[in-house]
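Here are the chains, one letter per residue:
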Amino acid sequence: MTEPSPANAEPSAAPGTEGWVLAWALGAAAFGGASLLVPLYIVQLGAGPAELGILAAMAAFAGVPGAILFGRLASHVGHRRSLVLVTLGTVTVVLVILPFLQSIPAVIAANTVLWLVVAAVGPVVTMLVVADQPESAWSRQIGRVNKFQGYGWAAGLVLGTVVPLVTTRVFEPQAISRLLFFLLAGLAAASTIGAARTLPRPAGGPQSEREIRRIARLVERSGRGVREATFAMSPNRIYWSTRAISPGRLRSRLDSVLGTYLLAAALFFTGFAMFWAPLPHLLTAAGLDAGRVFALYLVSSLGSAVLYEGVGTLADRLDVRLLQSGALLVRGLLFPLVALLAGVGLTSLGTIMLGVLLTAIGLTWAVILVVGTTIVSRLATPSVRGEVLGSYTALGAFAGGIGSVLGGWLATFGYVVAFTVAGGLVVAGAVLVGSLRALSARSP
């Protein structure tokens, strides 16, 4: 929530904010569509699950250093507009080039560039949001941009669902993919033009350590969107929450309970990535076209998004140990069920059942993500709480990259094997969380 102003009135948006936020939402639609279109495209080119794992890992690993680099550059106020425009322009060019690439390594390289700039620009957008705004308005502005970005991301998935469904009798699958790439590139180009006309020219921005820590807290608590249903950790959150980390001080304040929970997090974040990275190959091999794959991702993402706020209320009232371990246990058991169902061939009923499973997986993610942040906040001492949250966020990103490669490799031996191992890691994490009775003692 936004802090009230002295007059108890809600702060208004900064002049010109509406235009550039809408332009940014168009860009987010391009990002959202590309997040699934590129994996489906390399499957069309003959890629197997191992290549999909590499694709996901390269994107994950490129995002964090990119966010740090752009964040440092954006400390100079004059660079911020340029960095946003460079990002949107690069996305436009990459999306135009991608459908002409016929080499799997070339597609992986282009996708890495794409997600390098998309991930890198997150901290820059946050700086633009808070620049020249009173601190009392920061929470509202960050939440507002996240909301529109979420709408845009979902719109990209909707576009990927609708276009194949209405063109499947007219075009071949690769032609449909090419059409989608061009449509997404058009959205990115429109976003670039709109941003060039409407992006503000801020005179200042956060400089002090206190301001940076406050932004980190607001970003961590800000609303989650559909993107984070399958991308566990946003590089924007990583950038802000790791700005002030002191490794020596952090090590001295970690106790056994917090250390055990972070070990559990490493296990379940790795398991999550092992599931999501090769999943497009499984769905395509099961006979689903691009439109239905997009639709399945959309329902899973929306399942997460609708629960984020409600779960926060539950975490304040119920035992977080039971909430977290229960959601992890359910999710871990659902992973191999997806492989078993897809492996027997998908009729219309089977596709609906698969949609139900993926929606349930999305619902569990909302619980895991929100409750996990609550647990870390409660376990960490106030003096290092921000640093512990930053470490937890970075751990999720690192485990995601490792899990993507591992999941793709294991899937070459069979999806039941890969998803059973993935689910086993998540269940192991659930057991560790369930063993931490100290969490129950610290719950309301």
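Residues numbered from 1 in each chain as written. Predicted model: local features only at pLDDT ≥ 70, side-chain atom pairs only at ≥ 80, totals over all residues. Heavy atoms only, no water.

**Quick look at the overall build of the protein**
Heads up, the rule is: Secondary structure elements follow DSSP: runs of H or I of four or more residues count as helices, runs of E of two or more count as strands, with numbering from the N terminus. Only protein chains enter the accessibility calculation, which uses a 1.4 Å probe. A residue is then buried if its area is under 20% of the maximum for its type, exposed if over 50%, and partly exposed in between. Residue contacts are defined here by distance: any two heavy atoms, one from each residue, within 4.5 Å place the two residues in contact. For accessible areas, the Shrake-Rupley method is used with a probe of radius 1.4 Å. Any residue's cover is judged against the shown protein chains and nothing else.
Secondary structure summary: the protein contains 19 helices and zero strands in total. Across the 444 residues of the protein, 55% fall into the buried class. Restricting the contact set of the protein to residue pairs at least 6 apart, pairs at least 24 apart contribute 86%. About 17,400 Å² of surface is accessible on the protein, with carbon and sulfur atoms providing 67% of the total.

**Here's the deal with the packing of helix α3 (residues 80–97) against helix α4 (residues 104–120)**
This is how the line gets drawn: Helix axes are fitted only over the stretch in contact, all axes being lines through C-alpha atoms; the angle between N-to-C directions runs from 0 to 180 degrees. For classification purposes, angles smaller than 35 degrees are called roughly parallel, those larger than 145 roughly antiparallel, those between 65 and 115 roughly perpendicular, and all remaining angles oblique. It is the rotation of the near helix from the far one that decides the hand of a crossing: anticlockwise by less than a right angle makes it left-handed, clockwise makes it right-handed. For this classification, Asp, Glu, Lys and Arg are treated as charged, while Ala, Val, Leu, Ile, Met, Phe, Trp, Tyr, Cys and Pro are nonpolar and the rest, including Gly, are polar.
In contact at an axis separation of 9 Å, α3 and α4 are set at 160° when each is read in the N-to-C sense. With respect to α4, the axis of α3 lies roughly antiparallel. Handedness of the crossing formed by α3 with α4: left-handed. Contact residues: Thr-87, Thr-90, Val-91 and Val-94 in α3; Ala-110, Val-113, Leu-114, Val-117 and Val-118 in α4. A class-by-class count of the residues in the contact of α3 with α4 yields seven nonpolar, two polar and no charged.

**Focus on the packing of α3 against helix α7 (residues 173–198)**
Relative orientation of the contacting elements α3 and α7 amounts to 160°, with a least axis distance of 8 Å. In terms of axis orientation, α3 runs roughly antiparallel to α7. As for how α3 packs across α7, the hand of that crossing is left-handed. Taken together, the residues of α7 that come into contact with α3 (itself represented by Arg-81, Leu-85, Leu-88, Gly-89, Val-91, Thr-92, Leu-95 and Val-96) are Phe-181, Phe-182, Leu-184, Ala-185, Ala-188, Ala-189, Ser-191, Thr-192, Ala-195 and Ala-196. Split by residue class, the contact of α3 with α7 holds 13 nonpolar, four polar and one charged.

**Thoughts on the pattern of salt bridges**
The condition that has to hold: Here, a salt bridge means any side-chain nitrogen of Lys or Arg that lies within 4 Å of a carboxyl oxygen of Asp or Glu.
Per the stated rule, a full pass over the model turns up one salt bridge. Of the charged contacts, one joins Asp-289 and Arg-292 as a salt bridge, the two residues approaching to 3.6 Å between their closest N and O atoms. According to the relative accessible area criterion, Asp-289 is partly exposed, its value standing at 26%. For Arg-292, a relative accessible area of 32% corresponds to the partly exposed category.

**Points about the layout of surface pockets**
It is a probe the size of a water molecule, rolled over the atoms, that shows where empty space is left. Rules: A cavity here means a set of 1 Å grid points, computed over protein atoms only, where a 1.4 Å probe fits but cannot escape. A pocket is an open set with protein on both sides within 12 Å along at least 5 of 7 lines, and lining residues have an atom within 4 Å of a point. Grid points are joined across faces, edges and corners, and a volume is the space filled by probe spheres set on the points. Domain extents, as shown, originate in an automatic or database domain assignment.
What the second largest pocket holds in volume is close to 210 Å³. Around the second largest pocket, the lining comprises 14 residues; the ones closest to its centre are Gln-44, Pro-173, Leu-288, Asp-289 and Ala-290. Elements that contribute at least two residues to the lining of the second largest pocket include exactly α1 (17–44), α7 and α13 (290–305). The class makeup of the residues in the lining of the second largest pocket is eight nonpolar, five polar and one charged. Three or more residues apiece are contributed to the lining of the second largest pocket by two domains, here domain 1 (15–201) and domain 2 (253–443).

**A closer look at a nonpolar patch on the surface**
Heads up, the condition is: Each patch is assembled from residues with relative accessible area greater than 30% and no salt bridge, linking like charges that lie within 9 Å and nonpolar side chains (Val, Leu, Ile, Met, Phe, Trp, Tyr) that lie within 5 Å.
Taken together, the side chains of Val-93, Val-96, Ile-97, Phe-100 and Phe-182 define a hydrophobic patch exposed on the protein surface, amounting to about 440 Å² of accessible area. Among the elements that line the nonpolar patch, the one with the most residues is α3, at three residues. Here Val-96 shows up in helix α3.

**With respect to the side chain of Thr-364**
As for its position among the elements, Thr-364 is in helix α16 (residues 348–379). Apart from residues no more than four positions distant in its own chain, Thr-364 is found in contact with Ala-327, Val-330 and Arg-331.

**Remarks on the confidence of the model for the protein**
Here is the rule we go by: Each residue gets a pLDDT score, which is the predictor's confidence in that residue and runs from 0 to 100.
For the protein, the average pLDDT comes to 80, and 75% of its residues sit at 70 or higher. When the elements of the protein are averaged for pLDDT, helix α10 (residues 247–253) gives the smallest value, 56, and helix α18 (residues 415–435) the largest, 95. Scored below 50 in pLDDT, residues 1–16 shows 21 contacts in the model against residues more than four places distant or in partner chains.

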